[in-house]
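# A closer look at the structure
What follows is the residue order along each chain.
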Amino acid sequence: METASGASASPSASASASASATKSASATASASASATKSASASASSSASASASASATSTSGGTTFASWPTATGEQAVSETIEVSGTYDGSLKRFYGSGDLGGDGQDEGQDPIFKLADGAVLKNVILGSPAADGVHCSGSCTLQNVWWEDVGEDAATFKGKSASATYLVDGGGARKADDKVFQHNGAGTLTIKGFQVSDFGKLYRSCGNCSTQYTRHVVVSDVLVTSPGKVVVGINSNYGDTATLSGLTVVGDSDKDITVCERFKGNSSGAEPTELGSGPDGTNCLYSESDVTYQ
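The shown structure was predicted, so the numbers you read here are calculated from the model rather than taken from an experiment.

## Some details on the side chain of asparagine 265
Here asparagine 265 lies in the loop between strand S18 (257-263) and strand S19 (272-276). A distance of 3.1 Å separates a polar atom in the side chain of asparagine 265 from the backbone nitrogen of serine 267. Here asparagine 265 is in contact with Gly206, Asn207, Cys208, Gln211, Tyr237, Glu270 and Pro271, once residues within four sequence places are set aside.

## Quick word on the confidence of the model for the protein chain
For the protein chain, the mean per-residue pLDDT works out to 84, and 77% of the residues sit at or above 70. With pLDDT under 50 throughout, residues 1-55 is counted as low confidence; its partners more than four residues away or in other chains account for four contacts.

## Describing the packing of aromatic side chains
Under the counting rule described, the total for this entry stands at nine aromatic pairs. Considering the side-chain rings of phenylalanine 93 and phenylalanine 112, the 5.1 Å spacing of their centres and the 75° angle between planes classify their relative orientation as edge-to-face. Within this pair, whereas phenylalanine 93 is found in strand S5 (residues 85-95), its partner phenylalanine 112 is found in strand S6 (residues 112-114), the two being separated by 19 residues in sequence. Among the residues examined, phenylalanine 112 registers a relative accessible area of 0% and is labelled buried. Arranged with centres 5.2 Å apart and planes meeting at 55°, the rings of phenylalanine 180 and phenylalanine 193 form a pair that is tilted. Of this pair, phenylalanine 180 sits in strand S12 (residues 171-182) while phenylalanine 193 sits in the loop between strand S13 (186-191) and strand S14 (194-204); the two residues are 13 residues apart in sequence, bridging distant segments of the chain. The pair formed by phenylalanine 180 and phenylalanine 193 is uniform in burial state, with each residue classed as buried. Here a set of aromatic residues connected by ring pairs shows up, and it is made of Trp146, Phe156, Tyr165, Phe180 and Phe193. Seen from the ring of tryptophan 67, arginine 173 lies directly overhead, with NZ or CZ sitting 3.9 Å from the centre. The side chain of arginine 203 reaches across the aromatic face of phenylalanine 262, ending 4.0 Å from its centre.

## Points about the environment of valine 230
As for its position among the elements, valine 230 is in strand S16 (residues 229-234). Residue classification places valine 230 among the buried residues on the basis of a relative accessible area of 1%. Each C-alpha atom, one on valine 230 and one on threonine 257, is 6.3 Å from the other, the two residues being 27 residues apart in sequence. Residue contacts for valine 230: discarding those within four places in its chain leaves Lys200, Leu201, Tyr202, Val223, Leu243, Leu246, Ile256, Thr257 and Val258.

## Considerations on unusual backbone geometry
Put simply, serine 127 and proline 128 share a cis peptide bond, and its omega is 0°. In this model, serine 225 is joined to proline 226 through a cis peptide bond whose omega is 5°. Backbone geometry at lysine 174 places phi at a positive 60°, although glycine is not the residue there. For lysine 174, the location among the structural elements is in strand S12. Judged by relative accessible area, which is 43%, lysine 174 ranks as partly exposed. Despite not being glycine, lysine 254 has its phi angle at roughly 55°, a positive value. Of note, lysine 254 is situated in the loop between strand S17 (240-249) and S18.

## With respect to the state of the cysteines
For the coordinates displayed, the defined rule picks out three disulfides. Sulfur-sulfur distance for the disulfide between cysteine 205 and cysteine 208 comes to 2.1 Å. Between cysteine 205 and cysteine 208, the S-S torsion sits near 105°, and that sign places the bridge as right-handed. Comparing cysteine 205 with cysteine 208, the two get one shared label, buried. Here cysteine 259 engages in a disulfide with cysteine 283; their sulfurs sit 2.0 Å apart.

## Brief notes about the pairing of S17
Relative to S17, strand S15 (residues 214-224) runs parallel, the two being bridged by nine bridges. Paired with valine 221 across the bridge in S17 is leucine 246. With two bridges connecting them, S17 and strand S20 (residues 283-284) associate as parallel partners. Residue pairing in the sheet places alanine 241 in a bridge with cysteine 283 of S20. For S17 and strand S21 (residues 290-292), the ladder comprises three bridges, and the chain directions are parallel. Paired with valine 248 across the two strands is tyrosine 292, which belongs to S21.

Conventions adopted
Residues numbered from 1 in each chain as written. Predicted model: local features only at pLDDT ≥ 70, side-chain atom pairs only at ≥ 80, totals over all residues. Heavy atoms only, no water. Helix = DSSP H or I, 4+ residues; strand = E, 2+ residues; numbered from the N terminus. Polar contact = N/O pair within 3.5 Å; in protein donor to acceptor, adjacent residues only side chain to side chain. Contact = heavy atoms within 4.5 Å. pLDDT = per-residue confidence, 0-100. Phe/Tyr/Trp six-rings, centres within 6.5 Å; stacked < 30°, edge-to-face > 60°. Buried < 20%, exposed > 50% of the residue type's maximum accessible area, 1.4 Å probe, protein only. Lys NZ or Arg CZ within 6 Å of the ring centre and 35° of its normal. Disulfide = S-S within 2.5 Å. Pairing = 2+ DSSP bridges.

And the structure:
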């Protein structure tokens with residue numbers, strides 16, 4: 001028989017109800033503790049993700065990650081050869097011993113040497129950085145950062161016209177000369193990258209003993225003054241540079257040349273400057289592709 005509302009329950013029923021209530025309260029407390037623990041873990045995970053993502057800056061509709069904080073350091077005295085994928089987990093790598101030079105001398109060895117098709121990602125190159133990264137063939141550099149560029153940040157050396165090189169994200173600063181040196185054949189794509197305090201972001205080799213037709217595609221790149229040239233190409237060898245979504249900061253006088261054309265050679269002589277700016281043949285972009293801030 002159901003007990004009417006407001007009627008007194010028997011002692012046995014009371015004890016049973018009390019035990020039930022205690023059990024329910026305990027379950028509630030346990031659920032509450034579990035929820036608190038879950039919320040705490042969630043908050044911790046969120047804080048971790050925030051720390052990992054870091055602050056960002058937005059320019060020209062593209063969001064650029066802030067310079068990362070190194071998770072550790074590793075001295076490199078002998079070039080690290082990479083085939084497949086190498087994930088540096090945002091550790092800082094810097095040269096020591098034979099790789100301890102930070103000058104502009106040609107012919108230095110790199111910190112990383114990538115085989116054809118290799119991927120290097122989540123790496124910070126500190127100082128000294130020797131000759132940075134060498135790609136023997138097609139390669140991908142994803143979220144790679146150069147804190148103080150040595151001779152060059154990366155050199156692309158593939159010999160096939162079908163070689164493709166991708167620089168996706170990351171950044172470089174303090175490059176007295178070149179950031180990306182293209183000595184081989186093929187096409188280099190640079191996207192979502194940021195560069196500051198540099199000589200040239202990209203240079204198709206102007207006087208290599210073996211010359212090729214080279215192509216570069218630059219999109220959604222943040223350039224911060226001081227700097228000299230974004231891309232330098234050899235129009236006499238049929239090079240092309242395609243640019244879009246370029247944002248230049250701190251250069252109100254437009255001193256930084258966006259695209260410069262040279263007459264290259266294979267004799268080792270200094271290349272001849274031919275002109276700059278969009279021409280519809282080699283420097284492929286329009287003034288609207290460049291935003292000044």
